[in-house]
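Listed below, chain by chain, are the residues.
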Amino acid sequence: MDNSSSCSSVVTGPPPASFLQRTLQRLSSTQCLKFRAEEAAPLAVIALQRYLSEQSEGQQLDSYSYDVTVTDGVWRAKCFLHPDLNHLVHKNTLRTGTDVYVTQCSFVYNERRLGHGYICLEGLRCDAQRSAVLPRINDVSSLPMLIRHGMERSLVLQSDVPLQVNRKHYLSLWNNDDPEGNIWTSGCPPSETVLDVSKISLLSSLDLSSRNTWKPLPLLVKIIHKSRLRYYGKFGLNKVDYPYQAYFEVADQSGTMSLVLWNELCPEFYHRLNVGTVLYLQNYTLKPSYSSRTRPQMDHHRMKIFRSVEICLNPRNPPSVITVVSPKSVLPQWGLPEVSYQFTTRSEVDKLTNNSTCDVIGLVTFVSRVERVKCKGNKGPEKYWTYRWIHAVDGTSDQPFILELFSSSQVEVFSRICPMTYLVCTQMRVCRVEGSLPYLTSTCETETLITGYHKGQPYVNDPGVKSFIQWTKTLKDNVVLQKTAVGGHYCYPHPPQICNQSMADASAQVPLVSTADLKKELETLQYREHKKLAIQGQITAVRYMKNPKTTQSQPSGVVSTDVCEQAVPAPHNHPSAAEQASADTLTSSTSDKSSASSRKRRIQMRRLRHTNTQEEQEQEEDESDSAVEEMQHVDRSLQSQNQNQDSSVLAWESSSWPKQQEDVSEHLCQGGLYQDSIYRRFTFDEKNVLLQWSNLQPTRWTAEQTADSIPPALCPGYYQVTILGINKKIAFDAAYLPVVRSDDPRAVGLPQDPHGNTMLSCLSSGFLCPLRDAASHSEAPLPEPEEILVTASELEDTHVVCVLDLCHLGGDEVEILISKVYRVTEVSLD
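Just so we're clear, the structure is a prediction, and the values are computed from it rather than from any experiment. (Residues numbered from 1 in each chain as written. Predicted model: local features only at pLDDT ≥ 70, side-chain atom pairs only at ≥ 80, totals over all residues. Heavy atoms only, no water.)

Re the overall build of the chain
Okay, step 1: Check the secondary structure of the chain and you find 17 helices and 35 strands.
Okay, step 2: In the chain, which comprises 830 residues, the share counted as buried stands at 56%.
Okay, step 3: Here the contacts in the chain between residues at least 6 apart in sequence split such that 73% fall between residues at least 24 apart.
Okay, step 4: Surface summary for the chain: the accessible area is close to 37,300 Å², and the carbon and sulfur share equals 49%. (Helix = DSSP H or I, 4+ residues; strand = E, 2+ residues; numbered from the N terminus. Buried < 20%, exposed > 50% of the residue type's maximum accessible area, 1.4 Å probe, protein only. Contact = heavy atoms within 4.5 Å. Areas by Shrake-Rupley, 256 points an atom, 1.4 Å probe, with all protein chains shown as cover.)

Topic: the pairing of strand β10 (residues 244-252)
Okay, step 1: Within β10, nine of the nine residues are buried, which leaves the element mostly enclosed by the surrounding structure.
Okay, step 2: Here β10 shows no split at all, with Y244, A246, F248, V250 and D252 on one side and Q245, Y247, E249 and A251 on the other all buried.
Okay, step 3: Pairing between strand β8 (residues 219-226) and β10: four bridges, direction antiparallel. When the bridges of β10 are listed, H225 appears paired with E249.
Okay, step 4: Note: β10 against strand β11 (residues 255-262), eight bridges, orientation antiparallel. Looking across to β11, one finds that A246 is bridged to L261. (Pairing = 2+ DSSP bridges.)

Considerations on the packing of aromatic side chains
Okay, step 1: Per the stated rule, a full pass over the model turns up 24 aromatic pairs.
Okay, step 2: Relative to F406, the ring of W385 lies with its centre 6.1 Å away and its plane at 80°, an arrangement referred to as edge-to-face. With W385 in strand β18 (residues 384-393) and F406 in strand β19 (residues 401-406), the pair connects residues that are 21 residues apart, well separated along the chain.
Okay, step 3: By way of ring pairs, the aromatic residues F366, W389, Y439, Y490 and Y492 are connected into one cluster. (Phe/Tyr/Trp six-rings, centres within 6.5 Å; stacked < 30°, edge-to-face > 60°.)

Looking at the pairing of strand β35 (residues 813-823)
Okay, step 1: The element β35 is largely enclosed, with a buried count of ten among its eleven residues.
Okay, step 2: Sheet topology places strand β34 (residues 800-810) next to β35; ten bridges connect them, and they run antiparallel. Bridge pairing in β35 places D805 opposite L817.
Okay, step 3: Where β34 folds back on β35, the antiparallel hairpin that results is connected by two residues, among which G811 adopts a positive phi of roughly 65°.

Overview of empty space enclosed by the protein
Okay, step 1: For the structure shown, the criterion picks out eight cavities of 30 Å³ or more.
Okay, step 2: In this model, the largest cavity occupies a volume close to 130 Å³.
Okay, step 3: Contributing elements (two or more residues each) for the lining of the largest cavity: β5 (76-81) and β7 (117-130).
Okay, step 4: A per-class count over the lining of the largest cavity returns eleven nonpolar, one polar and two charged.
Okay, step 5: Size it by volume and the second largest cavity reaches roughly 90 Å³.
Okay, step 6: Of the residues in the lining of the second largest cavity, the class split is six nonpolar, three polar and three charged.
Okay, step 7: In this structure, the lining of the second largest cavity is formed jointly by two domains, domain 1 (19-167) and domain 2 (203-334), each of which donates at least three residues. (1 Å grid on protein atoms, 1.4 Å probe; cavity = no way out; pocket = protein on both sides within 12 Å on 5 of 7 lines; lining within 4 Å. Points joined across faces, edges and corners; volume = space filled by probe spheres on them. Nonpolar A, V, L, I, M, F, W, Y, C, P; charged D, E, K, R; others polar. Domains from an automatic or database assignment.)

Looking at the pattern of salt bridges
Okay, step 1: By the definition in use, this model includes 20 salt bridges.
Okay, step 2: Where E521 meets K531, a salt bridge forms, and the shortest distance between an N and an O atom there is 2.4 Å. Within this pair, whereas E521 is found in helix α10 (residues 515-524), its partner K531 is found in strand β24 (residues 530-545), the two being separated by ten residues in sequence.
Okay, step 3: Judged by relative accessible area, K531 falls into the partly exposed class, the value being 22%.
Okay, step 4: Overlapping salt bridges, with partners in common, bring together R36, E38 and E39 in one network. (Salt bridge = Lys/Arg side-chain N within 4 Å of Asp/Glu carboxyl O.)

As for the environment of P458
Okay, step 1: Tracing the backbone through its elements, the reader meets P458 in the loop between β22 (448-449) and α8 (463-472).
Okay, step 2: Separated by 183 residues in sequence, P458 and V275 place their C-alpha atoms 7.9 Å apart.

Topic: the side chain of D177
Okay, step 1: Looking at the secondary structure, you find D177 in the loop between α3 (155-158) and α4 (203-208).
Okay, step 2: Apart from residues lying up to four places away in sequence, D177 is in contact with R228, L229, K383, W385 and S409.

As for the confidence of the model for the chain
As a note on interpretation, predicted positions should not be read in detail where pLDDT is low.
Okay, step 1: Mean pLDDT over the chain stands at 83; residues scoring 70 or higher make up 81%.
Okay, step 2: Taken as a whole, residues 1-6 scores under 50 in pLDDT and shows seven contacts with residues more than four places along the chain or in a different chain.
Okay, step 3: Every residue in residues 552-647 is under pLDDT 50, and counting partners more than four places away or in other chains gives 200 contacts. (pLDDT = per-residue confidence, 0-100.)

Now the structure itself:
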């Protein structure tokens, strides 16, 4: 070690029982420590917590800070993650349930507070595999917390609050809308106190009152709508300890009005105030309504809506008094209205207008993985929304509800949505997009409930709900289970049939970007962040791949050892492993019985065998006829090539690509298809592992997290496509995973106009024609990969626009999938 360094190296020798304890002892005599590889011991990450950063004199690299709780199996220690390492969290490289090795750390004292300090992690090496430490621990919570001598009385160091003492609470790890931490109380019994309702104000009187003469009498109201939480904290500007806000719509016999819960009242009451809850309110204030916010659609309540003012419940000036009334104490003479719903069946959705709202109930058949999208136009710190796609059926249509559900501050419900559960979603907004089935997206006022949460809800006696329950009694679980799926890549709505110039607008839903912008997007993409964009160029090579890229690390700490080909026979009419192997070793030789017309479709093929010495690959020439010779100029090679596997991979390459590669400055190869890109069939036995796999990485590790492997993927094979940017300076690889079965979740709403199964028509349509129906065995066989690739000559020097879906899967895995390909000659420039 350099003597000029301010860090000292840990001496070698027999280590004490606890690496953490030894490290803290060493930090009492030196400013910081550096560890050699042989000195570091594995530390299991058991908690990773985020909060708004404190403003500091130095340059702030991130608006958020992270506390990391680790254990060596003897002690626990809550440490501060140096901001230079925040990128490890952004990429989900540093995550709970895995081990890390500390390479450098220091001890930081709080200069403005006595008896407060913490270990700062300044260098880490992250292990991608499951923790080797955690299996040896029976109960993590029973391990003592390591605190420096003299700081034992610090409540901050022993509480569920940030190490930076100016922050009082943690945020959810992946969004700002979900409650996080022990400060969010729930389950408190309603008040049984006798209420004086002889002198109360009606909401109508508040709307008409004069602020100068108004005297606040108590209110007696019922909650009829509840919004998700809003976090309004801003880095460097916020002086509020708990910058939260939540809107409710409340009603009495005179009408409805908005109510706002502010700041520290949110942690205390948000979980206790639900739709149907009756409140007795005192010491509230009134203020003019905020006109720019979204509001629930409430025409079906048939009540007067008062919008001039809103009721404010504040923790001080004055402190509001909130009494949650027990349902047993609610009297009919109070005249409080019943909660009303507008349940809509799937068959009725097709008749609803765009942007109208409805409530739905259905049986879940598909649940996508949870993804994140960056909030647009956010002026505060970087903020993400989390969402997932759901398919649910109600028996009134052959098509399911297609639901885009954003997190609604109901963490337990959102993370437990799975197939075979009864799902209720309120205040869903209808979205109509040309060329796709209508879908429903959640609003700020959407409430989501699943099986286990329906008891006692106001909608249980709704006629629409009762009709749905009667229909479910006619179903058989084993039949429905065959149509279920979890996780994998899913994006809706499908790209339009016609591309137009408006895609070039940066604010468009699918912006047209340069290859340099694409590179930047790939570099800055964060864990489970999804982006859709378009890029123009030409396709220079296509390879057929049997298996997704090997997953080095699972985002949820669940490592899969299964490979795609072990799951099911590939849908390209490969009913057995033997036939699959036979197809993989195809040569260009045609059988003696092949017709002349089919022989004309064949082009020259090569079998390339890779050797350890990378010597020149052997070539096997096909049968040659006049038709082949005519095609050799445009179809130089249909290759059978070993690609990270022992099996062959068919490929096509543009005749101009070898020359073009000489001028390419960069070829981005990190994108592709992974095990996490492909959905799994749902089973009750695998429910927990599938939920962990499809959800986001948890903030805290718990012993309940299963160590089982995810089931094998249903892999039909895919095409790896090389795209050269329009200026021919940057190339990149993307995966094309065609829909081949009608029971693939991506087939729902997909336009299925017949096409010729050429390479370009498949890339344009997104599916192989016709889709195979699992319930039917009489459909025409799907084309073999080589039959599709033989038509790739039409891609030669063709100017195309490719619509791409990007998603960061964690670690180094970035999913780049082709959603649709347009010929530029088909683009409308209006």
